[in-house]
Amino acid sequence: QLCGVLLTQAPMAAHLLEIDASEAQLNPQTLSFQDFGSSGGAGASSASPSATAGGMGGAIGSGMLKPQSLEQMQDVEGQPGSSGFWTLRYYQPLFDIDTIQVLNRIKGSLLPRPRGVFFDLISANPDLWGPFWIATTLIFAMAVTGNLSSYYAYTGPAGGWTYNFNQLTLAGSVIYSYVTLLPLLLWAALRYYEAQKRLVDIICIYGYTLGVFVPVSILCVLPSEPLRWLLVLAGGGVSALFLLSNFHAHLSDCFPYGEGDAKRKMATLLGGMAACHTVLLLLFKLYFFHYA
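Residues numbered from 1 in each chain as written. Predicted model: local features only at pLDDT ≥ 70, side-chain atom pairs only at ≥ 80, totals over all residues. Heavy atoms only, no water.

**Things to note about unusual backbone geometry**
The condition that has to hold: A run of H or I in DSSP becomes a helix once it reaches four residues, and a run of E becomes a strand once it reaches two; helices and strands are each numbered from the N terminus.
Phi at Glu 194 is positive, roughly 60°, even though this residue is not glycine. Relative to the helices and strands, Glu 194 is located in the loop between helix H8 (166–192) and helix H9 (199–209).

Rendered as structure tokens:
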């Protein structure tokens, strides 16, 4: 009988244990919110729009208020490629340079090294600020010192000397053509010979090449023809060494010595550059720094 009673009471005990377990699950202290996603029931579906809207609103609001997002937008706007080449913003990075960098580049052009490293110096940020002001300063220096030397050498009647404005016009045409048109022609020639170089790098090095002629033009005021020849030749030698050494290093990397026509290509390009530089020197001496 005892065994029969136990067998009859066993289902009731199991049922009571299930009730206790369900009550334990419904205890408020053990309740927690769960995210059932879009696969929940009708109640979850009705509650999800407001919760989703609130979550999306919070995410959008917090994303717009993050300072990092604003910085990223400013970085994108500051890139050179974000504006067209006809706008000033496109050329702004080419003038983003400080005085110390310009002075170091001028010093590098006045003290050329055996193997040109100027292209490595300007590879990260080539500028047009230095070349523009060097060329402009040289134009006015040549015009002023040329007329000043002509005034000191004048021996005619009093009041017969006049200022030669043609020197300023010719100096501007020659100098600006030397730092713009000649680099453009050289850039096209380098592309033809498959030794590409950025146009801004070529303009930059040609502009800094003229830096040595600013003190030369000032010293040529001294009334000594041999001294003027010496100054022009010395300045031309320093500038030619600086210019040709840098391009020789670039062409040596582009034209391996194993190629049959490597020497011919290099001689053609460097010879053309040297010839143009010689014409510039003769023009400086025979027209701007020659006084009877």
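**Comments concerning the side chain of Ser 252**
Rule in force here: Per-residue accessibility, obtained with a 1.4 Å probe over protein chains only, is compared with the maximum for each type, and a residue is labelled buried under 20%, exposed over 50%, and partly exposed between these values.
Along the chain, the position of Ser 252 falls in helix H11 (residues 225–254). What makes Ser 252 buried here is its relative accessible area of 14%.

**Brief notes about the packing of aromatic side chains**
Aromatic ring pairs are defined here through the distance separating the ring centres and the angle between the ring planes. Keep this limit in mind: Here is the rule: rings of Phe, Tyr and Trp (six-membered ring for Trp) pair when centre to centre is within 6.5 Å. Planes less than 30 degrees apart are stacked, more than 60 are edge-to-face, and the remainder are tilted.
Per the counting criterion, the structure on display carries nine aromatic pairs. Ring centres of Phe 132 and Trp 133 lie 5.2 Å apart, and the angle between their planes is 75°; on these two criteria the pair is classed as edge-to-face. The exposure class assigned to Phe 132 is partly exposed, which follows from its relative accessible area of 40%. Ring plane angle 65° and centroid distance 5.3 Å describe the contact between Tyr 178 and Tyr 206, whose orientation is recorded as edge-to-face. On the criterion of sequence distance, the pair formed by Tyr 178 in helix H8 and Tyr 206 in helix H9 is long-range, its members being 28 residues apart. Residue classification places Tyr 178 among the buried positions, given a relative accessible area of 6%. With relative accessibility at 1%, the residue Tyr 206 sits in the buried group.

**Remarks on the pattern of salt bridges**
How we decide: Any Lys or Arg side-chain nitrogen found within 4 Å of a carboxyl oxygen on Asp or Glu counts as a salt bridge.
According to the stated counting rule, one finds four salt bridges in the structure shown. Asp 127 is paired through a salt bridge with Arg 105; the nearest N and O atoms lie 2.4 Å apart. In this pair, Asp 127 sits in the loop between helix H6 (118–122) and helix H7 (129–153) while Arg 105 sits in helix H5 (residues 99–110), placing the two residues 22 residues apart along the sequence. Considered together, Asp 127 and Arg 105 belong to a single accessibility category, that of buried residues. When the shortest N-O distance is used, the salt bridge between Arg 228 and Glu 225 registers 3.6 Å. Note that Arg 228 and Glu 225 are positioned in helix H11 at a spacing of three residues, about one turn of the helix.

**Notes on the environment of Gly 236**
Within the secondary structure, Gly 236 sits in helix H11. Residue classification places Gly 236 among the buried positions, given a relative accessible area of 3%. On a C-alpha basis, the gap between Gly 236 and Thr 278 in space is 7.9 Å, while along the polypeptide they are 42 residues apart.

**Points about a nonpolar patch on the surface**
The criterion, for reference: Only residues above 30% relative accessible area that lack a salt bridge enter a patch, with like-charged residues linked at up to 9 Å and the nonpolar side chains Val, Leu, Ile, Met, Phe, Trp and Tyr linked at up to 5 Å. Here the open area of atoms and residues is found with the Shrake-Rupley method and a 1.4 Å probe, where only the protein chains shown may cover a residue.
Residues Phe 95, Trp 129, Phe 132, Trp 133 and Tyr 176 make up a contiguous nonpolar surface patch of about 500 Å² in total accessible area. Take the nonpolar patch: its biggest share by element is three residues, from H7. Mapped onto the elements, Phe 132 comes out in helix H7.

**Some words on the confidence of the model for the chain**
Counted only if it meets this: What pLDDT expresses is the predictor's confidence in each residue, scored from 0 to 100. The criterion used for residue contact is that any of the two residues' heavy atoms lie within 4.5 Å.
Residues of the chain with pLDDT of at least 70 account for 64%, and the chain-wide mean is 74. Of all helices and strands in the chain, the one with the weakest mean pLDDT is helix H3 (residues 67–77) (40), whereas H9 scores best (92). This stretch, residues 36–81, has a pLDDT under 50; its non-local contacts, to residues over four places away or in other chains, come to seven contacts.

**Quick word on the nonpolar core**
Quick note on the threshold: Among buried residues, the Ala, Val, Leu, Ile, Met, Phe, Trp, Tyr and Cys ones that are joined through side-chain atoms within 4.5 Å form a nonpolar core.
Ranked by internal contacts, the top residues of the largest apolar core, which has 48 residues, are Tyr 206, Leu 210, Phe 247 and Phe 284. If you list the elements that add at least two residues to this core, you get H6, H7, H8, H9, helix H10 (213–219), H11 and helix H12 (262–288). Looking at this core element by element, the count peaks at nine residues for H12. Setting aside residues up to four positions removed in sequence, Phe 247 forms contacts with Phe 119, Leu 186, Leu 190, Ile 202, Ile 205, Tyr 206, Leu 270 and Met 273.

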